[in-house]
Every structure is written in C-alpha cells, then in structure tokens.
Amino acid sequence: LIFCPDSTPLTIGEFIVELLRVERARKEVILGKSSFQFLLSECADAEVFSKSFSKVISTGRPHRTNVQRYDITNPDGVYEEFYWSPLSKPVFNEAGELEYILHIAENVTEKILSEKKAATAKNNFEYYLTNAAGPFAILTGRKFEFTFANAAYVELMNGRQLVGKTLEEAVPEIRDQSFILLLQQVYDTGIPYHGTEIPETALFDGNTEPSTRNFNLSYQPCKDLNGYFMGILSQACEIDKNDLLSLENRKEYIE
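Residues numbered from 1 in each chain as written. Predicted model: local features only at pLDDT ≥ 70, side-chain atom pairs only at ≥ 80, totals over all residues. Heavy atoms only, no water.

S.K.: What am I meant to see in the pairing of strand β10 (residues 145-149) here?
M.R.: Put simply, side chains in a regular strand alternate between the two faces of the sheet. Here strand β9 (residues 136-140) runs beside β10; their pairing, made up of four bridges, is antiparallel. Paired with Leu139 across the bridge in β10 is Phe146. Remark: four residues form the turn of the hairpin made by β9 and β10, two consecutive strands paired antiparallel; Gly141 in that turn has positive phi of roughly 80°. (Pairing = 2+ DSSP bridges. Helix = DSSP H or I, 4+ residues; strand = E, 2+ residues; numbered from the N terminus.)

Encoded structure:
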C-alpha cells in the first residue's frame, strides 16, 4: 500500500499488484478511504499501524511492527488463517520531503503456523515426559547440558540439580565411564543408541556412597519439525539382576 502523509487522516493512494491479487474484491471498497477508517474496520490491532505511521513521519526512518494476523479468503470464499510482518518505509521526493509511506506486508503464515505446530508438539512431548513413570532427560549441545529432566530422572540421580548443568557437572562420578563417548557418537552420527544391562556407577537415590546398577539405556536424537537437531533424549530403565530372566526365557516371553 502507498499512503499519502500530507493529509489528516492519511489517504490510501494506490495498491500494489500483490495486494490486488490477494484481495481484488476489496479494491472498490478501499481506494480513497482514510487508512484508519479501513484499518479500524479490517484489523484487530489498528492502533499498531497508527503508531507505526507516526514513527515513520516523526523519524523519517522505516518501522516494522509485530507480526499481525489478517485472514484472507480462499477461492471458495472461506476465510483462512494468515499472518503478516508489516513494514512502513518513508519515500522522499527530490527536495528530501516525505512524499509517501510505503506499507509492505510480508506473508509469514507458513513460518508462524510451523512455529505454532512445533510449540504444540513440544508441549505435548514434554507433558508426556514429565508425567512418565520412567526416567527421561533431554541433553543439548556438544557438552550435553540438561534442558529437561522429569521427576523420575531427578529422583534416580539423588535429587540433584540437573537442568542448566552439563552431564559431567551434574553427575561428575560418570566422567571415566562410557556414557559421554556414547552420547558423542549419537550427536555426531545422528544414529540412536540402545544398550541393555549397561552398568553405571553413581550416587543413586539418596545414597552417600557410589553404587553400581544396571540399566537398559536409550539415547535418541531429537529433531524439530524442520529436521533441525534439538538434542538427545536419554531414557534409563533400571534392571534388577536378581530378577533377570535368562536370555532364552526372555525371548520366549517376548514371543
């Protein structure tokens, strides 16, 4: 949109081709109208645009507002969810006077919907892990910092503060064991690791002395909806040696 800033209120001068393509049916309704008259009737947050135009006029510099939702109709006349990133830019004449305000709305719908979908998936994922009976944690970065640990994992690790610390900082007694190397392998290759009856020596469940226990371990690389690496999901299932069935019996049980 091109606005004329020399009148009060501002008047819409003309449309860019893209706006006509998107909203061709509104051409006759909008042309020549006060910008505020149009925006107040069409936009839930028209005050945002009013302040943006005022800043452009007072500073002579471009101004970008927050992303705005503005739905448009599909070929069947049904409104669909759309999001736009509005930018207002001053256009000066040869004398250096402000002649127009160029208002550009970049379509960021795909990005916003993708972020909303990812946030929903993340919330559902963390809700499941938080309420899971078994120990789960998420480790991020090359130093494997805890960004999430459910209650079962914290309890297993002696109630220590985990989130915000690296694995070595939170559980220093595992430094000389194989877990860091296994995590590095998963981080570098993107290939999950699943191990059975893996011994781990640490301070467990309120004990003051290290003890060795056996776990079925799973290190699973996690990616977002765009395929970007987020971290490693660590799952530990403790195995009681006294209750272990023989390998053959376990096979029969599974079958």
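What follows continues from the structure just given.
S.K.: I keep staring at the side chain of His103 and nothing clicks. Help me out?
M.R.: Note that His103 resides in strand β8 (residues 98-107). Only 3.1 Å separates the side chain of His103 from the side chain of Ser88, close enough to count as a polar contact. Ignoring any residue separated from it by four or fewer positions in sequence, one finds His103 in contact with Leu1, Phe3, Phe49, Phe53, Pro86, Leu87 and Ser88. (Polar contact = N/O pair within 3.5 Å; in protein donor to acceptor, adjacent residues only side chain to side chain. Contact = heavy atoms within 4.5 Å.)

S.K.: How should the nonpolar core be read in this particular structure?
M.R.: Note that soluble globular proteins tend to have their nonpolar side chains buried in a common cluster. Among the nonpolar cores identified, the biggest contains 27 residues, and Phe146, Leu167, Leu217 and Tyr219 are the most heavily contacted of them. For this core, the secondary-structure elements that each account for two or more residues are β9, β10, α6 (151-156), α7 (167-170), α8 (179-189), β11 (193-202), β12 (211-223) and β13 (229-239). Broken down by element, the residue count for this core peaks at five residues, all from α8. Once residues lying within four places of it in the same chain are set aside, the contact partners of Leu217 are Phe179, Tyr193, His194, Gly195, Ile198, Gln235 and Ala236. Formed by seven residues, the second largest nonpolar core is a distinct cluster that contains Ala132, Phe148, Cys222 and Leu233. (Core = buried A, V, L, I, M, F, W, Y, C linked by side-chain atoms within 4.5 Å. Buried < 20%, exposed > 50% of the residue type's maximum accessible area, 1.4 Å probe, protein only.)

S.K.: What exactly am I supposed to notice about the packing of aromatic side chains here?
M.R.: Here a ring pair, both rings aromatic, is described through the centre-centre distance and the interplanar angle of the planes. Enumeration according to the criterion identifies six aromatic pairs in this entry. On the numbers, 5.9 Å between centres and 20° between planes, the contact of Phe82 with Trp84 is stacked. Pair check on accessibility: Phe82 and Trp84 agree, each one buried. These aromatic residues form a ring-pair network of at least three members: Phe144, Tyr187 and Phe229. (Phe/Tyr/Trp six-rings, centres within 6.5 Å; stacked < 30°, edge-to-face > 60°.)

S.K.: Quick question: what am I supposed to make of α8 here?
M.R.: In an α-helix there are 3.6 residues to a turn, and that puts residues three or four apart on one side. Those residues of α8 lying buried are Phe179, Ile180, Leu182, Leu183 and Val186. Looking down the long axis of α8, one finds its buried residues gathered within 160° of arc, a one-sided arrangement. What points out from α8, more than 90 degrees from its buried face, is the exposed set Leu181 and Asp188. Looking at the buried positions of α8, the neighbouring elements they touch are β9, α7, β11, β12 and β13. Positive backbone phi, approximately 75°, marks Gly190, located one or two places after α8. (Arc of directions from axis to C-beta.)

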